[in-house]
Amino acid sequence: MTSYLAADFHFGARVETSDSKHVGSLHRLVVDRDGWDLKEIVVKETEWFSGHLLSPGSGLLIDDVIVPLTAVASVEHGTVRLAVTAADVRLMPPYLVYGYAAAQPGDTLRVVAAQVGFGGYWPYSETARKSAGELEINQDESVMLGHTGKRLGRVRDVLYDGRELVGVVLHPEGWWQRDVVLQVRFLERSDDLALFARLSERDIEHLQPFLLSESKE
């Protein structure tokens with residue numbers, strides 16, 4: 001039986017299996033596009049768990065695995081404990097799926113070089129394993145001022161009440177800035193590249209400071 005709230009999920013939290021194996025850390029949240037409700041979590045595997053350290057000098061194709069909420073047993077502020085074993089996690093699907101993409105102008109020589117073994121590359125596409133009605137939120141993701149092209153800051157964490165998103169913890173651009181709470185009423189989204197904030201540049205000065213000690217009360 002699960003014993004957690006979405007409010008307990010925090011980026012960077014340690015993720016462990018039911019047999020006490022360290023899988024990795026909480027990397028992304030997959031949420032409903034319209035209601036921002038939490039749907040799945042994405043875990044970034046450690047180099048040991050993914051097998052990267054077991055084969056020195058080799059590359060690593062994918063180290064993000066998508067985990068359904070039904071596989072989460074409990075959550076504390078710093079640790080997510082799964083209800084499944086390490087063997088079960090290793091069979092879960094990767095979050096990102098790669099495939100070949102059609103060559104674009106300028107790719108021809110690089111593709112030919114890849115075919116004959118002289119470097120180059122094959123153009124590829126990257127697809128996240130989520131539905132059209134879902135979006136992802138990442139730590140360090142950019143928060144843009146509307147669609148002006150100006151960045152307000154980056155996401156530090158997410159704040160949930162039950163399964164309802166309250167807002168995000170934002171670290172504003174510039175030196176000596178304190179983290180602030182950007183409420184969900186100011187957020188909009190068009191894709192997975194950034195969050196967009198519906199507010200003016202001066203509004204950022206009046207956002208409520210976020211203190212980690214207060215968030216635990």
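Procedures and definitions
- Residues numbered from 1 in each chain as written.
- Predicted model: local features only at pLDDT ≥ 70, side-chain atom pairs only at ≥ 80, totals over all residues.
- Heavy atoms only, no water.
- Helix = DSSP H or I, 4+ residues; strand = E, 2+ residues; numbered from the N terminus.
- Buried < 20%, exposed > 50% of the residue type's maximum accessible area, 1.4 Å probe, protein only.
- Polar contact = N/O pair within 3.5 Å; in protein donor to acceptor, adjacent residues only side chain to side chain.
- Contact = heavy atoms within 4.5 Å.
- Pairing = 2+ DSSP bridges.

Thoughts on the side chain of D179
Thought 1: Structurally, the position occupied by D179 is in the loop between β12 (164-172) and β13 (180-183).
Thought 2: A relative accessible area of 17% places D179 in the buried class.
Thought 3: Among the polar contacts listed, one links the side chain of D179 to the side chain of R156, at a separation of 3.2 Å.
Thought 4: One polar contact links D179 to H171, side chain to side chain, over a distance of 2.7 Å.
Thought 5: Not counting chain neighbours up to four residues away, the residues in contact with D179 comprise R156, V169, L170, H171, P172, Q208, P209 and F210.

Observations concerning the sheet that holds β12
Two strands in a sheet stick together by hydrogen bonds in their backbones, pointing the same way (parallel) or opposite ways (antiparallel).
Thought 1: Taking strand neighbours across the sheet as the criterion, the six strands line up as β13-β12-β11-β10-β15-β14 in an open arrangement whose pairing is mixed. Edge positions in the sheet fall to β13 and β14 (187-188), since each of these pairs with one other strand and no more.
Thought 2: Here strand β10 (residues 142-145) runs beside strand β11 (residues 151-161); their pairing, made up of three bridges, is antiparallel. Bridging across to β11, V143 finds its partner in G153.

Here we look at the pairing of β11
Thought 1: Hairpin connection between β10 and β11: a loop of five residues separates the two successive antiparallel strands, and G146 in this loop has a positive phi of roughly 55°.
Thought 2: With eight bridges connecting them, β11 and β12 associate as antiparallel partners. Each residue of the ladder has a partner; that of V155, found in β12, is L170.

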